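# Per-entry structural report
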Amino acid sequence: MEENIKVLLEQFRAIAGDPRKAMADHLAETGKGAIGMMPIYAPEELVHATGFLPVGLWGGSRPVTKARTYLPPFACSVMQQVMELECEGVYDDLAAVVFSVPCDTLKCMSQKWKGTSPVLVFTHPQNRGLEAANRFLEQEYAILKEKLEGVTGVKITNAALERSIQIYNENRAAMREFSALAAQYPQVISAVDRHAVFKARLFMEKSRHTALVRALMEAVRAEAPQPWTGKKVVVTGILLEPNGLLELFDRLGLAIVADDLAQESRQIRVDVPDGDEAPLYRLARVWQKMYGCSVATDTQKQRGPMLMDMVRKTGADAVVVAMMKFCDPEEWDYPIYYKQFEVQGVRSLMIEVDQESTSFEQIHTRLQSLVETL
Amino acid sequence: MSRYKPSPLNGFDLFNYMALVVCARSRDYAEITFRKFADELEEKYKKGESAFKGAEKNRVTWEGIAVWPYLGHTFKTLKNQGTIMTGSAYPNMWDLTYDAEDESLHSMAEAYTRTYINTCLDNKVAVLRRIMEEGQCDGVLYHLNRSCKLMSFLNVETAERIQEQNGLPYVSFDGDQTDPRNFAPAQYDTRVQALGEMMEQAAGGGQA
């Protein structure tokens, strides 16, 4: 592998593995702090427009002990981790935490923050199809904007917001391009690396992330793609972590040729539309345009067809369902798209994702069996 | 009726009659049954009769949905130690007032947004405190319901805030509104006994 690619991938891994350093660097450079972005969807552009660094809070991989006081064992793994980190004061340097509440767990989590940062909550409308939903969410964003201005002391102008929207749309486009490119170069970009590029996105100012991703894509394209002798899969779920889990994919020759993970491609699926409407309204429209996600109501149940389409387009051999432990919305979607897979003869395997896990042998055996039967 | 001490109403009877409220709310026989039930309670009260016939030792608020597969067990454990349930926010969720003539359904929609569990922690605490006061309760029993995250994940915070305000003891137990596998009678019994002891101690002037 070309040295340049290695260096770039190392950079992504380092950033993905050390959000605290990203915050410190941003503060040193701009004099501005960071704002936590809770899963799953928030108008990050608003935070970006203040010059503060939006930092994704998608859990960690610690032993869960303190969180047990506040959450029963049947709360999802990622929120157990977030609660543990809250209790340890890890998030206390954040100027604020932005909370969307599209599931029951998040509704509760937003009201039981154990850290010291102020919590800024907003609500997505459940019925997304109506024009009234756009107007409602626009109003929610207007309230959030005001709260953010209060916390940061920065007035968010329309010009600044338009600039941020442009930066984010460019970043999303670059990431979609990267995802497609990674599918062609699994020898060069491992499952762990692919994830690192996505995860670094959660801790970097987006124009910088875009620049780094473009540099990586240019370096990768300089090499000719090699035929892949392993198998190809599409992954779906909330997230696919920790790295120990991703290493299994690399070890078993399973290339991730596309993902439908909330932490990864769902974040870059829908751009903020262009148009003459006010920026807050266009930001709100993203929620209406969102598709294929367990927390965004879809009466047509198009997630299965979407995944099967991804399988067809990428030539994947199977779908690996990364089921977030104790995530109701994801569990409720599963039987529906599983049946659709069965009808169409699409192979799939469900594995359970627990960020606390340190031993992956059982999943290894199951993935190995999948590979052998493909 | 549960505001009277001793209480003519056994709170678990409301759980029993909930089937009617939930499934047959608009039927005349639901109304007839409830009126009869209310009249009987009124009669009992006038005669000075109480639900536990002199055996009422202390009173609790039940927070959460009933453990339907173990309705009998959850009731009898309390009854055996003389603890009567005189407060629960759950049956009240079906006690909504709105303008039935409003064809836009706006009034009905607005009424449902007031349902305590659809609101926020502050309101949940306020609603439960009021229920405890009205029912003259000595403690709270929190149902950590495996099948309802929304009604469970704020229990710790609710309990802490309420205890800070009124100093009354509480316990929590693991259960489920539907799946019998998630309820252990022995754990429930132990927790209820602990609550009983704390309430007795508090009544005796000791520290809760």
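Check the entry above for the structure.
Residues numbered from 1 in each chain as written. Chains lettered and ligands numbered in written order. Predicted model: local features only at pLDDT ≥ 70, side-chain atom pairs only at ≥ 80, totals over all residues. Heavy atoms only, no water.

## A word on the overall build of chain A
- Helix and strand content of chain A: 15 helices and eight strands.
- Against the globule reference of 21 Å for 374 residues, chain A gives a C-alpha radius of gyration of 20 Å, in line with a compact fold.
- Structurally, chain A occupies a C-alpha span of about 55 × 45 × 45 Å along its principal axes.
- Of all 374 residues assigned to chain A, the portion counted as buried reaches 58%. (Helix = DSSP H or I, 4+ residues; strand = E, 2+ residues; numbered from the N terminus. Rg over C-alpha atoms; globule rule 2.2 N^0.38 Å. Buried < 20%, exposed > 50% of the residue type's maximum accessible area, 1.4 Å probe, protein only.)

## Quick notes on the interface of chain B and chain A
- The interface is formed by 12 residues belonging to chain B together with 15 residues belonging to chain A.
- Each partner contributes to the roughly 1300 Å² buried at the junction of chain B and chain A, and carbon and sulfur atoms together form 65% of this total.
- On the chain B side of the contact with chain A, R146, K149 and F153 of chain B bury the most area, a combined 48% of that side's loss.
- Our count for the chain B to chain A interface comes out at three salt bridges.
- Here E157 of chain B makes a salt bridge to K114 of chain A, at a shortest N to O gap of 2.7 Å.
- Linking chain B with chain A are seven residue pairs in polar contact (both at pLDDT 80 or more), by the criterion used here.
- When residues of the side of chain B that touches chain A are traced back to their parent elements, those giving at least two are β3 (139-145) and α6 (155-166) of chain B.
- Counting residues per element, the side of chain B that touches chain A draws most heavily on α6 of chain B, at three residues.
- Of the residues assigned to the side of chain B that touches chain A, the class counts are seven nonpolar, one polar and four charged. (Contact = heavy atoms within 4.5 Å. Buried area = accessible area lost by both parts, 1.4 Å probe. Salt bridge = Lys/Arg side-chain N within 4 Å of Asp/Glu carboxyl O. Polar contact = N/O pair within 3.5 Å; in protein donor to acceptor, adjacent residues only side chain to side chain. Nonpolar A, V, L, I, M, F, W, Y, C, P; charged D, E, K, R; others polar.)

## A closer look at the packing of helix α7 (residues 158-184) of chain A against helix α8 (residues 191-200) of chain A
Residue and element names in this part refer to chain A.
- Packing of α7 against α8 leaves a shortest axis separation of 11 Å and a crossing angle of 175°. Considering the angle they form, α7 stands roughly antiparallel to α8. Contacts from M175, F178, S179 and A182 in α7 reach R194, V197 and F198 in α8.
- When its residues are assigned to classes, the contact of α7 with α8 shows five nonpolar, one polar and one charged. (Axes fitted to C-alpha atoms, helices over the stretch in contact; angles between N-to-C directions. Parallel < 35°, antiparallel > 145°, perpendicular 65-115°, else oblique.)

## A few points about the pairing of strand β4 (residues 119-122) of chain A
- Because side chains alternate across β4 of chain A, one face comprises the buried residues L120 and F122 of chain A, and the other comprises V119 and V121 of chain A, none of which is buried.
- With helix α5 (residues 104-109) of chain A bridging strand β3 (residues 96-100) of chain A and its parallel neighbour β4 of chain A, the resulting β-α-β unit is right-handed. (Right-handed = clockwise from strand over helix to strand, strands pointing away.)

## Let's talk about the sheet that holds strand β2 (residues 53-56) of chain A
Residues and elements named next belong to chain A.
- Taking strand neighbours across the sheet as the criterion, the four strands line up as β2-β1-β3-β4 in an open arrangement whose pairing is parallel. Because the sheet does not close on itself, it has two edges, and the strands there are β2 and β4. Across the sheet, the axes of successive neighbouring strands diverge by a mean angle of 25°, strand direction being ignored.
- In this sheet, β3 lies alongside strand β1 (residues 34-37) in parallel orientation, the contact comprising three bridges. When the bridges of β3 are listed, G36 appears paired with V97.
- Docked against the sheet, helix α6 (residues 131-152) engages β1, β3 and β4, running at close to 170° with respect to β4. (Pairing = 2+ DSSP bridges.)

## Details of the sheet that holds strand β1 (residues 58-63) of chain B
Residues and elements named next belong to chain B.
- Strands sit in the order β2-β1-β3-β4 across an open sheet of four strands; the sheet is parallel. Both outer strands of the open sheet, β2 (83-88) and β4 (170-175), are each paired with one neighbouring strand and no more. Going across the sheet, the axis of each strand differs from the next one's by a mean of 30°, ignoring polarity.
- Bridging between β3 and β4 involves six bridges; their strand directions are parallel.

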